[in-house]
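# Observations on chain architecture
Listed here are the chains, written in short residue letters.
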Amino acid sequence: EKKVQKIETDMDQLREFYRKTPEVTLMGQVAELKGQLADSERRIESLKAEKAEIHLAKEQFRSNVHRLARALRRERDKLASKKANNDCERQQLHLTYDP
């Protein structure tokens, strides 16, 4: 039993010694940095997707503004044409019924 306990103690010391070696410390740091890199890459992809959505919304807004501007121009042209026709008719009536 003492022999088993001695072997277990030796193994614990060996594990502790191994955990403190520079290689293990560096491997731990590498693993931590890889995790940070993965998080950063996910954030970048998320920001790219958000940017694409914003760009799409901007383009849709721009398209809607142009569509509304065309509709406004058409309505102005219709009103101007209607006004010109009314003025012409009014003048003809005036000439016809003016004593």
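Keep in mind that this is a model prediction, so the values were computed, not measured.

### Quick notes on the overall build of the protein chain
- Per the secondary structure count, the protein chain includes two helices and zero strands.
- Relative to a compact globule of 99 residues, whose C-alpha radius of gyration would be 13 Å, the protein chain shows 41 Å and is clearly more extended.
- Taking the principal axes of its C-alpha atoms as reference, the protein chain extends roughly 140 × 25 × 10 Å.
- Across the 99 residues in the protein chain, those meeting the buried criterion constitute 1%.
- Accessible surface, the protein chain as shown: approximately 9800 Å² in total, 59% of it carbon and sulfur.
- Separation between the mean location of the 22 positive side-chain charges and that of the 18 negative ones in the protein chain comes to 5 Å.

### A look at the pattern of salt bridges
- In total, this model carries nine salt bridges according to the counting rule given.
- Note that Lys 78 and Glu 75 form a salt bridge whose closest N and O atoms lie 3.5 Å from each other. Of this pair, Lys 78 and Glu 75 both sit in helix H2 (residues 22-97), separated by three residues, roughly a single helical turn.
- Among the ionic pairs, Asp 87 bridges to Lys 83, the shortest N-O distance being 3.5 Å. Separated by four residues within a single helix, Asp 87 and Lys 83 lie in helix H2, roughly one turn from each other.
- Here the salt bridges share partners, and the residues they tie into one network are Lys 83, Asp 87 and Arg 90.

### Notes on the environment of Ser 40
- Residue placement: Ser 40 occurs in helix H2.
- Residue Ser 40 is classed as partly exposed on the basis of its relative accessible area of 27%.
- For the pair formed by Ser 40 and Ile 54, sequence separation is 14 residues and the distance between their alpha carbons is 21 Å.

### Some details on the environment of Asp 77
- As for its placement among the helices and strands, Asp 77 is situated in helix H2.
- By relative accessible area, Asp 77 is classed as exposed at 53%.
- On a C-alpha basis, the gap between Asp 77 and Asp 10 in space is 96 Å, while along the polypeptide they are 67 residues apart.

Conventions we followed
- Residues numbered from 1 in each chain as written.
- Predicted model: local features only at pLDDT ≥ 70, side-chain atom pairs only at ≥ 80, totals over all residues.
- Heavy atoms only, no water.
- Helix = DSSP H or I, 4+ residues; strand = E, 2+ residues; numbered from the N terminus.
- Rg over C-alpha atoms; globule rule 2.2 N^0.38 Å.
- Buried < 20%, exposed > 50% of the residue type's maximum accessible area, 1.4 Å probe, protein only.
- Areas by Shrake-Rupley, 256 points an atom, 1.4 Å probe, with all protein chains shown as cover.
- Lys, Arg positive; Asp, Glu negative; His and termini not counted.
- Charge placed at Lys NZ, Arg CZ, Asp CG, Glu CD.
- Salt bridge = Lys/Arg side-chain N within 4 Å of Asp/Glu carboxyl O.

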